[in-house]
Amino acid sequence: MMEKLILPSSSVPVLADVDICVAGGSCTGVFAAVTAARRGARVAIVEPQNRFGGTAVASLVCYWHSLFTLDGSRQIIAGLTQEVIDRLARREAVELATDNNPSWYARLNTEELAIDLDELVKETGVLPFLHTRAVDVLRDGDGRLNGVVTAGKGGLGAIRAKFLVDATGDGDLCAAAGVRMWHNAELQPPTACARLSSWPQFKRPLGELVHEAAEKFHLPEGHIWGTFLPHSSSFLLAGTKIPGLDLSKPAALTGAEIEGRRQLRAIQDLIAEAGYTRPVLEALPSLIGIRETRHIHSHYRLKTDDLLSGRRFPDTAARGTYRVDIHSQERAGTRFLYLDGREEFHSPDRPPETGYWRDPALPAPEYYEIPLRSLIPAGFDNLIAAGRMIDAEAGAFGAARVMVNLNQTGEAAGAAAFRALDENGPIGSWREEGERGETTK
Ligand SMILES: Cc1cc2nc3c(=O)[nH]c(=O)nc-3n(C[C@H](O)[C@H](O)[C@H](O)COP(=O)(O)OP(=O)(O)OC[C@H]3O[C@@H](n4cnc5c(N)ncnc54)[C@H](O)[C@@H]3O)c2cc1C
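Residues numbered from 1 in each chain as written. Predicted model: local features only at pLDDT ≥ 70, side-chain atom pairs only at ≥ 80, totals over all residues. Heavy atoms only, no water.

1. Side note on the packing of helix α6 (residues 206-217) against helix α7 (residues 250-273)
Next, step 1: Direction vectors running N to C along α6 and α7 enclose 110 degrees, while the axes themselves pass 10 Å from each other. It follows that α6 is roughly perpendicular to α7 by the angle criterion. By crossing handedness, the relation of α6 to α7 is classed as right-handed. For the pair α6 and α7, contact is made by Leu 206, Leu 209, Val 210, Ala 213, Lys 216 and Phe 217 and by Arg 262, Ala 266, Asp 269, Leu 270, Ile 271 and Glu 273, respectively. (Axes fitted to C-alpha atoms, helices over the stretch in contact; angles between N-to-C directions. Helix = DSSP H or I, 4+ residues; strand = E, 2+ residues; numbered from the N terminus. Parallel < 35°, antiparallel > 145°, perpendicular 65-115°, else oblique. Left-handed = near helix turned anticlockwise from the far one by under 90°. Contact = heavy atoms within 4.5 Å.)

2. Describing the site of the ligand
Next, step 1: Around the ligand, the structure places 31 residues, and the nearest of them are Ser 26, Glu 47, Thr 55, Arg 401 and Met 403.
Next, step 2: Within the side chain of Thr 28, a nitrogen or oxygen atom sits 2.7 Å from an oxygen atom of the ligand.
Next, step 3: Here Ala 134 contributes a backbone N or O atom positioned 2.9 Å from a nitrogen atom of the ligand.
Next, step 4: Within the complex, the protein chains bury 95% of what would otherwise be the 1,000 Å² of accessible surface of the ligand.
Next, step 5: Among the elements of the structure, β2 (43-47), α2 (54-58), β7 (133-139) and α10 (403-423) are those that each provide at least two residues to the shell around the ligand.
Next, step 6: Residue composition of the shell around the ligand, grouped by class: 12 nonpolar, 13 polar and six charged. (Near = heavy atom within 4 Å. Polar contact = N/O pair within 3.5 Å; in protein donor to acceptor, adjacent residues only side chain to side chain. Areas by Shrake-Rupley, 256 points an atom, 1.4 Å probe, with all protein chains shown as cover. Nonpolar A, V, L, I, M, F, W, Y, C, P; charged D, E, K, R; others polar.)

3. Examining the packing of aromatic side chains
Next, step 1: Enumeration over the complete set of coordinates arrives at eight aromatic pairs.
Next, step 2: Taken together through their ring pairs, the aromatic side chains of Trp 199, Phe 202, Phe 228, Phe 235 and Tyr 276 make up a single cluster.
Next, step 3: Positioned above the aromatic ring of Tyr 367, the side-chain terminus of Arg 312 is 3.9 Å from the ring centre. (Phe/Tyr/Trp six-rings, centres within 6.5 Å; stacked < 30°, edge-to-face > 60°. Lys NZ or Arg CZ within 6 Å of the ring centre and 35° of its normal.)

4. A look at the sheet that holds strand β4 (residues 94-96)
Backbone hydrogen bonds are what pair the strands of a sheet, in a parallel or an antiparallel way.
Next, step 1: Strand order in the open sheet formed by three strands is β3-β5-β4, and the pairing between neighbours is antiparallel. Because the sheet does not close on itself, it has two edges, and the strands there are β3 (63-64) and β4.
Next, step 2: Examined bridge by bridge, β4 and strand β5 (residues 106-108) share three bridges and lie antiparallel to one another. If you follow Leu 96 over to β5, its bridge partner there is Ala 106.
Next, step 3: Across the sheet, helix α3 (residues 79-90) lies against β3, β4 and β5, angled at about 115 degrees from β4, the strand it touches most. (Pairing = 2+ DSSP bridges.)

5. A few points about the environment of Val 135
Next, step 1: Within the fold, Val 135 resides in strand β7.
Next, step 2: A C-alpha to C-alpha distance of 20 Å links Val 135 and Gly 410, two positions 275 residues apart in sequence.
Next, step 3: Discounting chain neighbours no more than four positions away, the residues touching Val 135 are Val 149, Thr 150, Ala 151, Leu 156 and Ala 176.

6. Things to note about empty space enclosed by the protein
Next, step 1: According to the stated counting rule, one finds two cavities of 30 Å³ or more in the structure shown.
Next, step 2: Here the largest cavity is characterised by a volume of approximately 60 Å³.
Next, step 3: Lining the largest cavity, in full, are Pro 189, Thr 191, Gly 222, His 223, Trp 225, Ala 238, Gly 239, Thr 240, Lys 241, Arg 291 and His 327.
Next, step 4: Considering the residues around the second largest cavity, the lining is formed by Val 210, Leu 219, Pro 220, Glu 221, Gly 222, Ile 224, Gly 239, Thr 240 and Gln 263.
Next, step 5: Partitioned by chemical class, the residues of the lining of the second largest cavity number four nonpolar, four polar and one charged. (1 Å grid on protein atoms, 1.4 Å probe; cavity = no way out; pocket = protein on both sides within 12 Å on 5 of 7 lines; lining within 4 Å. Points joined across faces, edges and corners; volume = space filled by probe spheres on them.)

7. Some words on the packing of α3 against α10
Next, step 1: Remark: α3 packs on α10, axes separated minimally by 8 Å, with the N-to-C direction vectors making an angle of 120 degrees. Each of Gly 79, Leu 80 and Thr 81 in α3 lies in contact with α10, whose residues at this interface are Val 404, Asn 407 and Glu 411.
Next, step 2: Of the residues contributing to the contact of α3 with α10, the split by class is two nonpolar, three polar and one charged.

8. A closer look at the domain arrangement of the chain
Next, step 1: Splitting the chain by domain gives domain 1 (14-185 + 369-431) and domain 2 (194-283).
Next, step 2: Spacing between the C-alpha centres of domain 1 and domain 2 amounts to 29 Å.
Next, step 3: Residue-level contacts link 14 residues of domain 1 with 14 residues of domain 2.
Next, step 4: Roughly 1,100 Å² of surface becomes buried between domain 1 and domain 2 when both sides are summed, with 60% attributable to carbon and sulfur atoms.
Next, step 5: For the pair domain 1 and domain 2, the number of links is one salt bridge.
Next, step 6: Of the residues contributing to the side of domain 1 that touches domain 2, the split by class is six nonpolar, three polar and five charged. (Domains from an automatic or database assignment. Buried area = accessible area lost by both parts, 1.4 Å probe. Salt bridge = Lys/Arg side-chain N within 4 Å of Asp/Glu carboxyl O.)

9. A few points about the pattern of salt bridges
Next, step 1: As enumerated under the stated definition, the model contains 28 salt bridges in all.
Next, step 2: Among the salt bridges present, the one from Arg 87 reaches Glu 123, with a minimum N-O distance of 2.6 Å. Of the two residues, Arg 87 is situated in helix α3 and Glu 123 in helix α4 (residues 110-123); the sequence distance between them amounts to 36 residues.
Next, step 3: Classification of Arg 87 as buried rests on a relative accessible area of 7%.
Next, step 4: With a shortest N-O distance of 3.5 Å, Arg 311 and Asp 306 are connected by a salt bridge.
Next, step 5: Looking at Asp 306, the relative accessible area reads 6%, which means it is buried.
Next, step 6: Each of the salt bridges in this network shares a partner with another, and the network as a whole consists of Arg 38, Glu 83, Arg 87 and Glu 123. (Buried < 20%, exposed > 50% of the residue type's maximum accessible area, 1.4 Å probe, protein only.)

10. So, the sheet that holds strand β14 (residues 280-283)
Next, step 1: Spatially, β12-β13-β11-β14 is the arrangement adopted by the four strands of the open sheet, whose pairing is antiparallel. Of all strands in the sheet, those with a lone pairing partner are β12 (225-228) and β14, marking the two edges. Taken pair by pair, the neighbouring strands of this sheet meet at an average axis angle of 35 degrees, ignoring direction.
Next, step 2: With three bridges joining them, strand β11 (residues 194-197) and strand β13 (residues 235-238) adopt antiparallel strand pairing. When the sheet's bridge partners are listed, Leu 196 is paired in β13 with Phe 235.

Right under this line is the structure:
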């Protein structure tokens, strides 16, 4: 148990008085804020980094997945995800796959993405607070949430708000509000990505080199992937892995950031030792890529079977087709379960093992759905979560966690918060009908 001190009570400045305060500024949070602002709400957003974009921008992750049904014939995800792709396309800052590829659809220049998110925030009149973290909630005399305590350049501050959207990834706002949080038994591991130039033409897969040198360089093994960025000779490498840590804990986060950078250097070193030119390190992430920490207790925990069977919900918040994708720790590698029944295991050093998790002759769903009720913390009516903290068991989370899905949870959360504001009621009208935001064409 950590020792605790009581700070003397002090007054804090009210930085803003708004209808909706969004904590966390990845696309998830920005899309929540923009959706609510476009409908007429006064919205503030707080983000600890110097720019919006979360894992895509701060952690350098550059792929968005398919916006189409499983067979690629019909678009099922549009809204702000499509709008941002269109904005990036105007500056040649995105490349699109044309082959219904399960591994990627849009390859983004994530630096350009950060500027598009700035522009979206400015155009819609959302009040931005960068270099600012949500550290607690405010309550009125009846104990009802009515704002966010922030820590930023000027010290502590307060943003008064009628509705709160938690898009912090780790569910920091929900935890501070007293939402019951839980963990999957095995957390998907974090990865420090990097951008490198002078990337060699390898004669055999990099995974094999890492596998052979893993013991010498103390590298935990896992699935390694990478890609050249659009119209660029910079290579994005996702090759590190720090298993067994919950990065919602400050000491684990600090340790993982330093260990991630050590592993990146080790990979450069082992490439040079294998006789290739040493890749030039061009950019480190300003935040380690975090796959999973804690989840909220909501009105409904999304089941793996819901996704794989394409279960329909009356309160759909998001649709998707991305496969179940679990970075396994027990056996180094990544397991994929596809909606059409296929199963693959990708090891660091061997060709993929393929099979079926169910009879492939059975019909496959066109897509799966994520319900709004999995975003609403049980026992709260003016707080909603969007992003990777949503209530989903391990397999369901393994599919739901990709950005094209979580972007939609942001839009749905913004729309649900606006609707509650407009009706002067609770978030939770999902009981009556769906709340999909503007996510489909
Ligand atoms: C290495 C790696 C590779 C991946 N590859 C892909 C991929 O190719 N394609 C894909 O779609 N998905 C991929 N994923 C998964 C996907 O990137 C994440 O699941 C997704 O981006 C999470 O989005 P989020 O909005 O929930 O959280 P995050 O992106 O983590 O955003 C949370 C935001 O909240 C901010 N924040 C944190 N705490 C606070 C606080 N207290 N107050 C205010 N703000 C706060 C953070 O700074 C951040 O901006 C990958 C993940 C990792 C780690």
